[in-house]
Amino acid sequence: MDFQLAILCLIAIGLVLVSVVEPRPRKFKRRGRCQPKMLAEYNLTFYGDWSPKTFPRLYPRVRPPAQWSKLVGRSHDSTYKLWSLGQNASDAVKAFAEDADSSMLDQDAQAYRGIFDSFTAAPIESGMGRSAVRFLADGQHTKMSFLVKIVPSPDWFVGVASLDLCHNGRWRKQINVDLAPLDAGTDQGFTFTSPNWPNMPADPISQITNKKPSHPASSFFYPEQETLPRIGHIVIKEVAEYRRRGRKLDTSPTGPNVVIFDPEEDEDDSYSLNIGGLTAVSGSTGTGNDVVNNGKPQDCTVTEWSEWSPCSKTCGFGIQTRSRDVILSPVNGGYGCPRLTDQNTCGSMRKCKWGHFDYLFKRSG
């Protein structure tokens, strides 16, 4: 009996020693890492800070008043370039910077030429306001670029180029960027409402400063200031993370081949970033979320879509349209209005009452 008790005691002591000596299995952390099968969803909010108080010189008030075009952006890898400081603007960027024409930019397809996700945000119908959009990135496409045209202007815009959302192997939780006006280099105009004056050959894309261009006619010529105030800013926040299953890539985060991870809110990911002389800082929304002019922001409110109009053609293919109206316009930095018109292809060749081939049926009868 004593022998059995001694054996049991030795076994118990051994188990205690094993539990003390043997290390606990390490918990593998998948969230937050920029891995090939990990997708990160971000919310990008663009704020227009263009006001007559900060930019009184030749501030456009009518025909057209100060406003912002829609935002056009991409998440992509290092091989794709939407635009770059010091490089000439592409034909697509030229058309957008001069006329807010995005038709050539819209031809860029997702999963082509290094693009992962293409996204747009609604235009802002005043110099001050905000517009937001969500987009996706993955471990092989960690960079983001976008541009917004300054309206009116010869060829001026704001944006960021190849901003890396991955820092030290982890997804950044938040990025703030103050935006300065940029010159596409394709037009020689000095003022917001300058007539078309092509620059041939075109100059590289450059940043506009308080002394560049050094001409008293320039709308941004403020030689008495040290620097220009920001004309806009963005706040990029991570919303969620997804892990893809299988080989097929689904850029929509709602399919059966993704597992959803919520971002860890308690993780400290503070950093500073310098982009073309502008500073981006995470961990704080700064003054960008403050109420503008001490007034409550009012988002744009619109009606429901109207019914589709009759097809423009009774024979063949035509166009039908629908529309919605603005109930409340954005005020004090509220979200801009979405598009107010929409169109769709309609019609059919079967509706055409042609008699070109009636003789065939008559012969066969």
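Residues numbered from 1 in each chain as written. Predicted model: local features only at pLDDT ≥ 70, side-chain atom pairs only at ≥ 80, totals over all residues. Heavy atoms only, no water.

1. Remarks on the overall build of the chain
Secondary structure assignment for the chain yields three helices and 20 strands. Burial status across the chain gives 41% buried among its 365 residues. A fraction of 72% describes how many contacts in the chain between residues 6 or more apart in sequence connect residues 24 or more apart. For the chain, the accessible area works out to roughly 21,100 Å², and carbon and sulfur atoms hold 53% of it. (Helix = DSSP H or I, 4+ residues; strand = E, 2+ residues; numbered from the N terminus. Buried < 20%, exposed > 50% of the residue type's maximum accessible area, 1.4 Å probe, protein only. Contact = heavy atoms within 4.5 Å. Areas by Shrake-Rupley, 256 points an atom, 1.4 Å probe, with all protein chains shown as cover.)

2. Let's talk about the packing of aromatic side chains
Within this structure, the stated rule accounts for twelve aromatic pairs. Note on Phe55 and Phe220: the rings are 5.7 Å apart at their centroids and 90° apart in plane angle, and the pair reads as edge-to-face. You can see Phe55 sitting in the loop between strand S1 (38–49) and strand S2 (67–68) and its partner Phe220 sitting in the loop between strand S12 (206–207) and strand S13 (232–244), a full 165 residues away along the chain. Of the residues examined, Phe220 reaches a relative accessible area of 0% and is grouped as buried. Aromatic pair Trp156 and Phe220: ring centres 5.4 Å apart, planes at 55°, arrangement tilted. Taken together, the positions of Trp156 in strand S7 (residues 156–164) and Phe220 in the loop between S12 and S13 put the pair 64 residues apart, joining distant regions of the chain. (Phe/Tyr/Trp six-rings, centres within 6.5 Å; stacked < 30°, edge-to-face > 60°.)

3. Points about the environment of Val239
For Val239, the position within the fold is in strand S13. Under the relative-accessibility criterion, Val239 is labelled partly exposed at 26%.

4. What to know about the nonpolar core
The biggest cluster of nonpolar side chains holds 40 residues, and the ones touching the most others in it are Leu44, Phe46 and Met144. The set of elements that each furnish at least two residues to this core consists of S1, strand S4 (115–121), strand S5 (128–138), strand S6 (143–151), S7, strand S10 (174–179) and S13. With five residues, S1 is the single largest residue contributor to this core. Not counting residues within four places of it along the chain, the set of residues in contact with Phe46 comprises Trp68, Leu71, Ile124, Gly129, Arg130, Ser131, Val148, Val158, Leu179, His233 and Ile234. (Core = buried A, V, L, I, M, F, W, Y, C linked by side-chain atoms within 4.5 Å.)

5. Quick look at the pattern of salt bridges
According to the stated counting rule, one finds nine salt bridges in the structure shown. Where Asp164 meets Lys143, a salt bridge forms, and the shortest distance between an N and an O atom there is 3.5 Å. With Asp164 in strand S7 and Lys143 in strand S6, the pair connects residues that are 21 residues apart, well separated along the chain. Taking the relative accessible area as the measure of exposure, Asp164 reaches 24% and is therefore partly exposed. For Arg322, the salt bridge identified is with Asp342, shortest N-O distance 3.2 Å. One end of the pair, Arg322, is in strand S18 (residues 316–323); the other, Asp342, is in strand S20 (residues 341–348), and 20 residues separate them in sequence. Look at Arg322 and you get partly exposed, because its relative accessible area is 22%. (Salt bridge = Lys/Arg side-chain N within 4 Å of Asp/Glu carboxyl O.)

Without other data, these values stay purely geometric and don't point to any function.
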